[in-house]
Amino acid sequence: MCQQRRSLLRQLSVLLVLVVGIVLDQRAVASAGAPPKYDHIVVVVMENHSFDQIVRPGAAPYLQKLAENGALFGNSHGVAHPSQPNYLALFSGSTHGIRDDGFHEIAAPNLAARLHAAGKTFSGYAEAGSPRKHNPWESFTDAKRAGKSLTEFPRDFTRLSAVSFVIPNLANDMHDGTIVQGDSWLKAHLGTYANWSRSHNSLLIVTFDEDDYRLENRIVTVFYGAGVKPGRYAERIDHYTLLRTIEDVESTAPLGSTVVRTAIGSIWQRK
(Lines give C-alpha, C1' and ligand atoms only; values in the text may rest on other atoms or scores of the structure.)
Protein backbone atom coordinates (compact mmCIF):
# COMPACT_ATOMS: atom_id res chain seq x y z
CA MET A 1 0.00 0.00 0.00
CA CYS A 2 2.82 2.41 0.89
CA GLN A 3 4.55 1.61 -2.40
CA GLN A 4 1.32 2.33 -4.29
CA ARG A 5 0.98 5.68 -2.49
CA ARG A 6 4.57 6.62 -3.31
CA SER A 7 3.99 5.72 -6.96
CA LEU A 8 0.81 7.81 -7.02
CA LEU A 9 2.61 10.76 -5.43
CA ARG A 10 5.38 10.55 -8.01
CA GLN A 11 2.82 10.53 -10.84
CA LEU A 12 1.04 13.53 -9.32
CA SER A 13 4.35 15.36 -8.97
CA VAL A 14 5.20 14.77 -12.63
CA LEU A 15 1.74 15.95 -13.65
CA LEU A 16 2.09 19.08 -11.53
CA VAL A 17 5.44 19.90 -13.12
CA LEU A 18 3.92 19.50 -16.58
CA VAL A 19 0.94 21.73 -15.74
CA VAL A 20 3.15 24.41 -14.20
CA GLY A 21 5.42 24.28 -17.25
CA ILE A 22 2.51 24.78 -19.64
CA VAL A 23 1.16 27.70 -17.59
CA LEU A 24 4.57 29.36 -17.40
CA ASP A 25 5.09 28.88 -21.14
CA GLN A 26 1.73 30.51 -21.86
CA ARG A 27 2.55 33.39 -19.53
CA ALA A 28 5.92 33.81 -21.20
CA VAL A 29 4.27 34.16 -24.61
CA ALA A 30 1.63 36.52 -23.25
CA SER A 31 4.14 38.66 -21.36
CA ALA A 32 6.62 38.88 -24.22
CA GLY A 33 5.08 42.24 -24.99
CA ALA A 34 1.84 43.82 -26.09
CA PRO A 35 1.81 44.89 -29.74
CA PRO A 36 2.68 48.53 -30.40
CA LYS A 37 0.11 51.08 -31.47
CA TYR A 38 0.22 51.49 -35.24
CA ASP A 39 -1.12 54.31 -37.37
CA HIS A 40 -2.08 51.91 -40.15
CA ILE A 41 -2.45 48.14 -40.56
CA VAL A 42 -2.89 46.55 -43.98
CA VAL A 43 -3.88 42.87 -44.16
CA VAL A 44 -3.53 40.99 -47.46
CA VAL A 45 -5.12 37.55 -47.84
CA MET A 46 -3.85 35.10 -50.46
CA GLU A 47 -5.37 31.72 -51.31
CA ASN A 48 -5.15 27.97 -50.98
CA HIS A 49 -1.45 27.19 -50.55
CA SER A 50 0.37 25.41 -47.78
CA PHE A 51 3.35 26.73 -45.85
CA ASP A 52 5.72 24.33 -47.60
CA GLN A 53 4.56 25.40 -51.06
CA ILE A 54 5.28 29.07 -50.38
CA VAL A 55 8.59 28.80 -48.52
CA ARG A 56 10.11 26.38 -51.02
CA PRO A 57 13.27 28.09 -52.35
CA GLY A 58 12.45 30.36 -55.28
CA ALA A 59 8.70 29.73 -55.13
CA ALA A 60 7.64 33.24 -54.06
CA PRO A 61 10.72 35.50 -54.07
CA TYR A 62 9.03 38.71 -52.91
CA LEU A 63 7.02 37.13 -50.11
CA GLN A 64 10.13 35.24 -49.01
CA LYS A 65 12.00 38.57 -48.92
CA LEU A 66 9.29 40.01 -46.68
CA ALA A 67 9.59 36.94 -44.48
CA GLU A 68 13.37 37.24 -44.31
CA ASN A 69 13.15 40.85 -43.15
CA GLY A 70 10.01 40.46 -41.10
CA ALA A 71 8.38 37.91 -38.80
CA LEU A 72 7.56 34.55 -40.39
CA PHE A 73 5.27 32.24 -38.41
CA GLY A 74 6.11 28.59 -38.98
CA ASN A 75 3.09 27.36 -37.02
CA SER A 76 0.27 29.42 -38.52
CA HIS A 77 -3.04 27.78 -39.42
CA GLY A 78 -6.35 28.40 -41.10
CA VAL A 79 -9.36 27.63 -38.93
CA ALA A 80 -11.57 25.83 -41.47
CA HIS A 81 -12.25 24.70 -45.02
CA PRO A 82 -13.35 25.97 -47.51
CA SER A 83 -12.39 29.63 -47.99
CA GLN A 84 -15.26 31.71 -46.65
CA PRO A 85 -15.24 30.63 -42.98
CA ASN A 86 -11.61 31.73 -42.70
CA TYR A 87 -12.37 35.23 -43.97
CA LEU A 88 -15.32 35.48 -41.59
CA ALA A 89 -13.12 34.37 -38.69
CA LEU A 90 -10.50 36.99 -39.51
CA PHE A 91 -13.12 39.73 -39.76
CA SER A 92 -15.52 38.83 -36.97
CA GLY A 93 -13.96 36.25 -34.66
CA SER A 94 -16.38 33.51 -35.71
CA THR A 95 -17.26 31.31 -38.67
CA HIS A 96 -20.93 31.69 -37.64
CA GLY A 97 -21.38 27.99 -38.32
CA ILE A 98 -20.83 28.53 -42.04
CA ARG A 99 -19.14 25.65 -43.83
CA ASP A 100 -19.51 26.69 -47.44
CA ASP A 101 -18.75 29.48 -49.89
CA GLY A 102 -22.40 30.45 -50.38
CA PHE A 103 -24.30 33.71 -50.02
CA HIS A 104 -24.89 34.70 -46.40
CA GLU A 105 -26.28 37.78 -44.65
CA ILE A 106 -24.94 38.05 -41.11
CA ALA A 107 -26.08 40.43 -38.38
CA ALA A 108 -23.25 40.17 -35.88
CA PRO A 109 -20.41 42.22 -34.40
CA ASN A 110 -17.41 42.65 -36.66
CA LEU A 111 -14.13 44.50 -36.97
CA ALA A 112 -15.48 47.37 -39.09
CA ALA A 113 -18.28 48.08 -36.62
CA ARG A 114 -15.97 47.87 -33.60
CA LEU A 115 -13.50 50.28 -35.15
CA HIS A 116 -16.29 52.68 -36.09
CA ALA A 117 -17.60 52.62 -32.52
CA ALA A 118 -14.10 53.51 -31.32
CA GLY A 119 -13.92 56.48 -33.68
CA LYS A 120 -11.59 54.67 -36.10
CA THR A 121 -11.98 53.49 -39.67
CA PHE A 122 -11.89 50.24 -41.63
CA SER A 123 -11.65 49.83 -45.40
CA GLY A 124 -11.98 46.65 -47.42
CA TYR A 125 -10.26 46.97 -50.79
CA ALA A 126 -11.31 44.30 -53.30
CA GLU A 127 -9.75 43.92 -56.72
CA ALA A 128 -12.22 43.68 -59.61
CA GLY A 129 -13.25 40.06 -59.92
CA SER A 130 -12.72 39.19 -56.27
CA PRO A 131 -15.68 36.97 -55.27
CA ARG A 132 -18.03 37.95 -52.47
CA LYS A 133 -16.92 34.96 -50.38
CA HIS A 134 -13.45 36.54 -50.11
CA ASN A 135 -14.74 39.99 -49.12
CA PRO A 136 -16.11 39.36 -45.62
CA TRP A 137 -17.50 42.87 -45.04
CA GLU A 138 -20.04 42.21 -47.80
CA SER A 139 -21.70 39.54 -45.65
CA PHE A 140 -22.35 41.84 -42.67
CA THR A 141 -25.31 44.18 -42.75
CA ASP A 142 -23.52 47.04 -41.00
CA ALA A 143 -20.17 46.73 -42.79
CA LYS A 144 -21.08 46.75 -46.49
CA ARG A 145 -20.30 50.45 -46.85
CA ALA A 146 -16.69 49.77 -45.84
CA GLY A 147 -16.07 48.06 -49.17
CA LYS A 148 -14.05 49.87 -51.84
CA SER A 149 -12.47 49.10 -55.17
CA LEU A 150 -8.76 48.35 -55.05
CA THR A 151 -8.33 51.27 -57.47
CA GLU A 152 -9.21 53.53 -54.52
CA PHE A 153 -6.25 52.32 -52.44
CA PRO A 154 -4.56 55.64 -51.65
CA ARG A 155 -1.17 56.51 -53.06
CA ASP A 156 -0.74 58.80 -50.05
CA PHE A 157 -0.56 56.11 -47.39
CA THR A 158 -1.23 58.59 -44.59
CA ARG A 159 -4.83 58.59 -45.86
CA LEU A 160 -5.25 54.86 -45.18
CA SER A 161 -7.79 53.72 -42.60
CA ALA A 162 -6.62 52.45 -39.25
CA VAL A 163 -7.15 48.92 -40.60
CA SER A 164 -7.46 47.88 -44.25
CA PHE A 165 -8.02 44.50 -45.84
CA VAL A 166 -6.73 44.03 -49.39
CA ILE A 167 -8.23 41.17 -51.39
CA PRO A 168 -6.82 40.23 -54.84
CA ASN A 169 -9.01 38.61 -57.47
CA LEU A 170 -8.86 34.91 -58.26
CA ALA A 171 -6.19 35.36 -60.91
CA ASN A 172 -3.85 37.18 -58.53
CA ASP A 173 -4.46 35.56 -55.13
CA MET A 174 -2.83 32.24 -56.17
CA HIS A 175 -6.26 30.55 -56.38
CA ASP A 176 -6.51 30.36 -60.17
CA GLY A 177 -3.18 31.94 -61.06
CA THR A 178 0.28 30.66 -60.17
CA ILE A 179 2.31 31.32 -57.04
CA VAL A 180 4.72 33.43 -59.11
CA GLN A 181 1.84 35.50 -60.50
CA GLY A 182 0.43 36.16 -57.04
CA ASP A 183 3.85 36.97 -55.65
CA SER A 184 4.49 39.48 -58.46
CA TRP A 185 1.07 41.03 -57.82
CA LEU A 186 1.90 41.40 -54.14
CA LYS A 187 5.14 43.23 -54.93
CA ALA A 188 3.52 45.47 -57.53
CA HIS A 189 0.54 46.48 -55.38
CA LEU A 190 1.91 46.43 -51.82
CA GLY A 191 5.68 46.73 -52.24
CA THR A 192 5.73 50.50 -51.96
CA TYR A 193 3.51 50.41 -48.87
CA ALA A 194 5.71 47.71 -47.32
CA ASN A 195 8.80 49.88 -47.74
CA TRP A 196 6.95 52.95 -46.43
CA SER A 197 5.56 51.12 -43.40
CA ARG A 198 8.96 50.54 -41.84
CA SER A 199 9.61 54.24 -41.31
CA HIS A 200 6.02 55.40 -40.80
CA ASN A 201 4.76 53.41 -37.80
CA SER A 202 2.68 51.08 -39.94
CA LEU A 203 2.30 47.33 -40.42
CA LEU A 204 1.74 44.90 -43.29
CA ILE A 205 0.33 41.44 -42.60
CA VAL A 206 0.29 38.85 -45.39
CA THR A 207 -1.57 35.63 -44.70
CA PHE A 208 -3.53 32.91 -46.51
CA ASP A 209 -7.10 31.76 -46.05
CA GLU A 210 -6.29 28.03 -45.97
CA ASP A 211 -3.80 25.48 -47.24
CA ASP A 212 -4.36 22.97 -50.05
CA TYR A 213 -6.62 20.77 -47.89
CA ARG A 214 -3.94 19.03 -45.86
CA LEU A 215 -4.94 17.91 -42.39
CA GLU A 216 -2.93 20.54 -40.51
CA ASN A 217 -4.23 23.52 -42.56
CA ARG A 218 -0.80 25.14 -42.16
CA ILE A 219 -0.31 28.44 -43.95
CA VAL A 220 2.22 31.24 -44.32
CA THR A 221 1.73 34.37 -42.22
CA VAL A 222 4.22 37.24 -42.35
CA PHE A 223 4.32 40.47 -40.33
CA TYR A 224 6.41 43.25 -41.86
CA GLY A 225 6.90 46.88 -40.94
CA ALA A 226 7.85 49.22 -38.14
CA GLY A 227 8.76 47.61 -34.84
CA VAL A 228 8.83 44.04 -36.15
CA LYS A 229 11.80 41.95 -35.04
CA PRO A 230 12.92 39.78 -37.98
CA GLY A 231 12.94 36.05 -37.38
CA ARG A 232 11.05 32.80 -37.68
CA TYR A 233 8.61 32.23 -34.85
CA ALA A 234 7.26 28.92 -33.60
CA GLU A 235 4.24 30.00 -31.56
CA ARG A 236 0.97 28.59 -32.88
CA ILE A 237 -1.33 31.22 -34.34
CA ASP A 238 -4.47 31.26 -36.48
CA HIS A 239 -6.91 33.80 -37.92
CA TYR A 240 -8.38 34.42 -34.47
CA THR A 241 -4.91 35.22 -33.15
CA LEU A 242 -4.37 37.71 -35.97
CA LEU A 243 -7.68 39.40 -35.26
CA ARG A 244 -6.96 39.53 -31.52
CA THR A 245 -3.61 41.19 -32.26
CA ILE A 246 -5.32 43.82 -34.42
CA GLU A 247 -7.91 44.37 -31.68
CA ASP A 248 -5.19 44.92 -29.10
CA VAL A 249 -3.40 47.39 -31.37
CA GLU A 250 -6.64 49.31 -31.85
CA SER A 251 -7.84 48.92 -28.22
CA THR A 252 -11.18 47.41 -29.26
CA ALA A 253 -13.10 44.70 -27.41
CA PRO A 254 -12.41 41.10 -28.53
CA LEU A 255 -14.82 39.57 -31.01
CA GLY A 256 -16.09 35.99 -30.69
CA SER A 257 -13.35 33.41 -30.26
CA THR A 258 -10.66 36.07 -29.95
CA VAL A 259 -11.72 36.37 -26.30
CA VAL A 260 -9.74 33.20 -25.60
CA ARG A 261 -6.78 34.11 -27.80
CA THR A 262 -3.68 36.06 -26.76
CA ALA A 263 -2.30 38.76 -29.02
CA ILE A 264 1.04 38.02 -30.65
CA GLY A 265 3.72 39.23 -28.26
CA SER A 266 7.00 37.71 -29.36
CA ILE A 267 7.89 39.66 -32.49
CA TRP A 268 8.05 43.27 -31.37
CA GLN A 269 11.22 45.30 -31.07
CA ARG A 270 11.43 47.23 -27.82
CA LYS A 271 13.12 50.60 -27.64
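This one's a predicted model, so the numbers in the text were calculated from it and none came from an experiment.

Participant: Explain the overall build of the protein to me, and be specific about the residues and the numbers.
Facilitator: Broken down by element type, the protein carries seven helices and nine strands. The buried share of the protein, reckoned over its 271 residues, is 52%. Considering only residue pairs separated by 6 or more positions, the protein has 74% of its internal contacts joining residues 24 or more positions apart. Accessible area of the protein: about 12,800 Å², with a carbon and sulfur share of 54%.

Participant: I'd like a rundown of the packing of helix α3 (residues 61–69) against helix α6 (residues 179–197), residues and numbers included.
Facilitator: It is the contact of α3 with α6, at a shortest axis distance of 8 Å, that shows an interaxial angle of 40°. The angle between α3 and α6 places the two elements in the oblique class. Contact residues: Pro-61, Tyr-62, Leu-63 and Leu-66 in α3; Asp-183, Leu-186, Lys-187, Leu-190, Gly-191 and Ala-194 in α6. When the residues that make up the contact of α3 with α6 are grouped by side-chain class, the tally is seven nonpolar, one polar and two charged.

Participant: Mind laying out the pairing of strand β5 (residues 163–167), listing which residues take part and the relevant values?
Facilitator: For β5, a buried count of five out of five residues is recorded, marking the element as mostly surrounded by other parts of the structure. The alternating pattern of β5 places Val-163, Phe-165 and Ile-167 on one face and Ser-164 and Val-166 on the opposite face, and all of these are buried. Across five bridges, the pairing between strand β3 (residues 122–126) and β5 is parallel. Pairing of Ser-123 across the sheet is with Ser-164, part of β5.

Participant: Report on the pairing of strand β1 (residues 40–46), specifying residues and quantitative values.
Facilitator: The element β1 is largely enclosed, with a buried count of seven among its seven residues. Both faces of β1 are covered, namely the face carrying His-40, Val-42, Val-44 and Met-46 and the face carrying Ile-41, Val-43 and Val-45. Inspection of the sheet shows β1 paired to β5 by four bridges, in the parallel sense. Across the sheet, the residue bridging to Ile-41 is Val-163, located in β5.

Participant: Which residues make up the nonpolar core, and what values go with them?
Facilitator: Core analysis: the largest hydrophobic core is formed by 41 residues, its most contacted members being Phe-91, Leu-111, Phe-122, Phe-165, Phe-223 and Ile-267. Elements that contribute at least two residues to this core include exactly β1, β2 (71–77), α4 (83–92), α5 (111–117), β3, β5, β6 (202–208) and α7 (239–250). In contact with Ile-267, not counting residues within four places along its chain, are Ala-71, Phe-73, Phe-223, Gly-227, Val-228, Lys-229 and Tyr-233. Within the second largest apolar cluster, 32 residues are counted, among which are Ile-54, Tyr-62, Phe-157 and Leu-190.

Participant: Describe the packing of aromatic side chains, with residues and values.
Facilitator: Here the structure, examined in full by the defined rule, presents 14 aromatic pairs. Taking the centre distance of 5.3 Å and the plane angle of 55° together, the rings of Phe-91 and Phe-122 count as tilted. Highlighted residues: Phe-91 in helix α4 and Phe-122 in strand β3, separated in sequence by 31 residues. For Phe-91, a relative accessible area of 0% puts it in the buried group. Joined through ring pairs, the aromatic side chains of Tyr-38, Phe-73, Phe-223, Tyr-233 and Trp-268 make up one cluster. The side chain of Arg-132 reaches across the aromatic face of Phe-103, ending 3.8 Å from its centre.

Participant: Any details on empty space enclosed by the protein? Residues and values, ideally.
Facilitator: The tally for this structure, following the rule as stated, stands at one cavity of 30 Å³ or more. Its boundaries defined by the atoms lining it, the largest cavity holds a volume of some 40 Å³. Lining the largest cavity, in full, are Ser-50, Phe-51, Asp-52, Asp-211, Arg-214, Glu-216 and Arg-218. When its residues are assigned to classes, the lining of the largest cavity shows one nonpolar, one polar and five charged.

Participant: I'd like a description of the layout of surface pockets, backed by residues and values.
Facilitator: Roughly 270 Å³ of volume is contained in the second largest pocket. In terms of lining residues, the second largest pocket is bounded by 14 residues, among which Ala-112, His-116, Phe-122, Asp-142 and Ala-146 are the most central. Counting residues per element, the ones that place at least two in the lining of the second largest pocket are α5 and β3. Top contributing element to the lining of the second largest pocket by residue count: α5, with four residues. Looking at side-chain class alone, the lining of the second largest pocket contains six nonpolar, four polar and four charged residues.

Analysis parameters
- Residues numbered from 1 in each chain as written.
- Predicted model: local features only at pLDDT ≥ 70, side-chain atom pairs only at ≥ 80, totals over all residues.
- Heavy atoms only, no water.
- Helix = DSSP H or I, 4+ residues; strand = E, 2+ residues; numbered from the N terminus.
- Buried < 20%, exposed > 50% of the residue type's maximum accessible area, 1.4 Å probe, protein only.
- Contact = heavy atoms within 4.5 Å.
- Areas by Shrake-Rupley, 256 points an atom, 1.4 Å probe, with all protein chains shown as cover.
- Axes fitted to C-alpha atoms, helices over the stretch in contact; angles between N-to-C directions.
- Parallel < 35°, antiparallel > 145°, perpendicular 65-115°, else oblique.
- Nonpolar A, V, L, I, M, F, W, Y, C, P; charged D, E, K, R; others polar.
- Pairing = 2+ DSSP bridges.
- Core = buried A, V, L, I, M, F, W, Y, C linked by side-chain atoms within 4.5 Å.
- Phe/Tyr/Trp six-rings, centres within 6.5 Å; stacked < 30°, edge-to-face > 60°.
- Lys NZ or Arg CZ within 6 Å of the ring centre and 35° of its normal.
- 1 Å grid on protein atoms, 1.4 Å probe; cavity = no way out; pocket = protein on both sides within 12 Å on 5 of 7 lines; lining within 4 Å.
- Points joined across faces, edges and corners; volume = space filled by probe spheres on them.

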